[in-house]
Each structure stands twice: as C-alpha cells, then as structure tokens.
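Listed below, chain by chain, are the residues.
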Amino acid sequence: MEDSSSSCDETLIDEEDLNKFTMTLDQFTPAIPETVTKFYMRQCGLQADDERVVKLMSVSVQKFMTDIINDSFQLHKIREKSTNRPAPVATATATAQPTTETTTTTDSVSNVASGKKPIGSTNQTLTLNDLTHVLDEYGINVKKTFYYT
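Chains are numbered independently. Their residues run from 1 in the order of the written sequence. Only residues with pLDDT of at least 70 get local features here, since the model is predicted, and only at 80 or more are side-chain atom pairs given and counted; chain-wide, interface and lining totals rely on the full set of residues. For the side-chain quantities, the full set of heavy atoms in the structure was used; hydrogens and water were omitted.

Looking at an unreviewed UniProt entry, the protein carries the name Transcription initiation factor TFIID subunit 10, with the source organism given as Rotaria magnacalcarata. According to the UniProt record, the Sequence similarities (unreviewed entry) comment for the protein is "Belongs to the TAF10 family." Check the Subcellular location (unreviewed entry) section of the UniProt entry for the protein; it says "Nucleus". UniProt positions are given in the numbering used here, feature names are shortened, and annotations may be inferred rather than shown by experiment.

If you want it as structure tokens, here you go:
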C-alpha cells in the first residue's frame, strides 16, 4: 500500500513552470483593463487582493471573448459562402483617370513586387444573429426584444 502522505507532497505543476507562467503573465498587458475586471469581480462578490489573480481573470475573459468573436466570424464566413455572393472586387485601376495612371501603375508594380494582392473592401459586421448562435453554443442565452424580431 502506498503512503497517502507521499501523494500529498507531490505537486501538479512544477515550480519552475509556475515561475515562468507568472513572469509571462506579469509582462502581458490584457486588452481588458484590470480596473474593469476588478469592478465586475466586486459586482459578482469576488474580492482578490492579489494583482496576479485579477490579471489572470482579465486574460481569461479576453480569451473567452476572442473565442466567441472568432467563432462568430467563422460562422459569418460560412453563411456568406452559402449564399454564393460574389466577393467584392477592387476596381481602382479600372476607374482611374488618365492623369493618375502613372501612380496607379507604380502602386500595382510595387504591390506585385512585394507580393501583395489588391486590397478590397474587408469591412465585416458582427450581426446579432451570428453572435446569438455562437453564444448558444457556449451556454449563454440571448433573446431579442420584440421590437427586433
């Protein structure tokens, strides 16, 4: 039989790895300010005196939000492809005036030389419909008000 005290002495995380993680966490600046995280933690009844806990919570929330936004964007791209809409094409060279033809030519030459493609319209809009479906996957229920249905 094994001694139960020996299993209590073992740590799940190596101390060196924990120190590396702490140093990395100290150097990282999350997108969500720590004051905002502290405010919402207090609203939920959580009080943390250790700044590392607050920063870890900020990083966790940032990761959660990033996952939701990325999933929403992927769903948007899938829906856009399923509707078979043609992608917007940049027609800057076709509509250019003869006086600006030299600048357009040099711009396209520099784009070809640098391996860049012509820049088209890349603005995307996060819709509530896409966001609702993704949040439902994460267990968050969002209901539209009667006005928007």
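Now that the structure has been shown, the text picks up again.
(A) Main features of the overall build of the protein. Per the convention used, a helix needs a DSSP run of H or I reaching at least four residues, while a strand needs a run of E reaching at least two, with both numbered from the N terminus. Across its full length, the protein carries 6 helices and 0 strands. The buried label applies to any residue whose accessible area, calculated with a 1.4 Å probe on protein chains only, is under 20% of its type's maximum; exposed applies above 50%, and partly exposed to all values in between. Counting only residues that meet the buried cut, the protein has 11% of its 149 residues in that class. Note on definitions: a residue-residue contact is assigned when non-hydrogen atoms from the two residues lie within 4.5 Å. Put simply, 72% of the contacts in the protein that link residues at least 6 apart link residues at least 24 apart. Residue-level accessible areas treat just the shown protein chains as cover; the underlying method is Shrake-Rupley with a 1.4 Å probe. When the accessible surface of the protein is summed, it comes to about 12800 Å², and 58% of that surface belongs to carbon and sulfur atoms.

(B) Representation of the packing of aromatic side chains. Each Phe, Tyr or Trp ring (for Trp, its six-membered ring) is paired with any other whose centre lies within 6.5 Å, and the angle between the two planes then decides the class: stacked below 30 degrees, edge-to-face above 60, tilted in between. If you walk through the whole model with that rule in mind, you get 2 aromatic pairs. Measuring from centroid to centroid gives 5.0 Å for Phe39 and Tyr40, while their planes differ by 80°, and the two rings are edge-to-face. Accessibility expressed as a relative area gives 39% for Phe39, which makes it partly exposed. Exposure remark for Tyr40: the relative accessible area of 52% places this residue in the exposed category. A centroid spacing of 5.5 Å and a plane angle of 90° characterise the contact between Phe64 and Tyr138, whose relative ring orientation is edge-to-face. Of this pair, Phe64 sits in helix 4 (residues 51-82) while Tyr138 sits in the segment after helix 6 (128-137), and the two are 74 residues apart along the sequence.

(C) Region of the structure containing the packing of helix 4 against helix 6. In the contact formed by helix 4 and helix 6, the axes pass within 9 Å of each other and the chain directions differ by 125°. Relative to helix 6, the element helix 4 lies oblique. The two elements helix 4 and helix 6 meet at a crossing, and its hand is right-handed. Each of Ile68, Asp71, Ser72, Leu75, His76 and Arg79 in helix 4 lies in contact with helix 6, whose residues at this interface are Asn129, Asp130, Leu131, His133, Val134 and Leu135. Partitioned by chemical class, the residues of the contact of helix 4 with helix 6 number 5 nonpolar, 4 polar and 3 charged. Axis angles are defined between N-to-C directions and span 0 to 180 degrees, where every axis is a line fitted to C-alpha atoms and, for a helix, only to the segment in contact. Should an angle fall under 35 degrees it is taken as roughly parallel, and over 145 as roughly antiparallel, whereas 65 to 115 is taken as roughly perpendicular and any remaining angle as oblique. A crossing counts as left-handed when the near helix is turned anticlockwise from the far one by less than a right angle, and as right-handed when that turn is clockwise. Put simply, Ala, Val, Leu, Ile, Met, Phe, Trp, Tyr, Cys and Pro go in the nonpolar bin, Asp, Glu, Lys and Arg in the charged bin, and everything else, Gly too, in the polar bin.

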